[in-house]
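Listed below, chain by chain, are the residues.
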Amino acid sequence: MSVQKAFEQAMHHETSTAVMDSLIQQGVWMVDEDTMTAAIHNVYCGIMADHTHPNEKDRDQARQLIASIGQSMNAGAVAAE
């Protein structure tokens, strides 16, 4: 299912929680820079990292990934600096 169709279906719910649950059930996740940064740190740095919290490199990778996703969806997103 496309993201657009998932949004169209989710918009029929009455509460924001129901909307988000509907999107997640359809494989559509909403993330911000902080969430993406933490996810990148957890996946790519993991327990073997030389640092315990996400660093600026993780945050930069999050910005780039979010921008790339936006561009692939024709949203024209650009990485924030």
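Structure's up top.
Notes on the structure in this doc start here. Nothing here was measured: the structure is a model prediction, and the numbers come from that model. (Residues numbered from 1 in each chain as written. Predicted model: local features only at pLDDT ≥ 70, side-chain atom pairs only at ≥ 80, totals over all residues. Heavy atoms only, no water.)

## Some remarks on the pattern of salt bridges
With the rule as written, the count across this model stands at four salt bridges. Residue Glu 33 pairs with Arg 59 through a salt bridge whose shortest N-O separation is 3.1 Å. Placement of Glu 33 in helix α3 (residues 33–45) and of Arg 59 in helix α4 (residues 56–72) is noted, with a sequence separation of 26 residues between them. Judged by its relative accessible area of 25%, Glu 33 is partly exposed. The class of Arg 59 is partly exposed, set by a relative accessible area of 24%. Taking the shortest distance from any N to any O, the salt bridge between Arg 59 and Asp 34 comes out at 2.8 Å. Here Asp 34 lies in helix α3 and Arg 59 lies in helix α4, a separation of 25 residues in the sequence. Judged by its relative accessible area of 48%, Asp 34 is partly exposed. What you see here is one network of salt bridges that share partners, running through Glu 33, Asp 34, Glu 56, Arg 59 and Arg 63. (Salt bridge = Lys/Arg side-chain N within 4 Å of Asp/Glu carboxyl O. Helix = DSSP H or I, 4+ residues; strand = E, 2+ residues; numbered from the N terminus. Buried < 20%, exposed > 50% of the residue type's maximum accessible area, 1.4 Å probe, protein only.)

In short, geometric facts, not functional conclusions.
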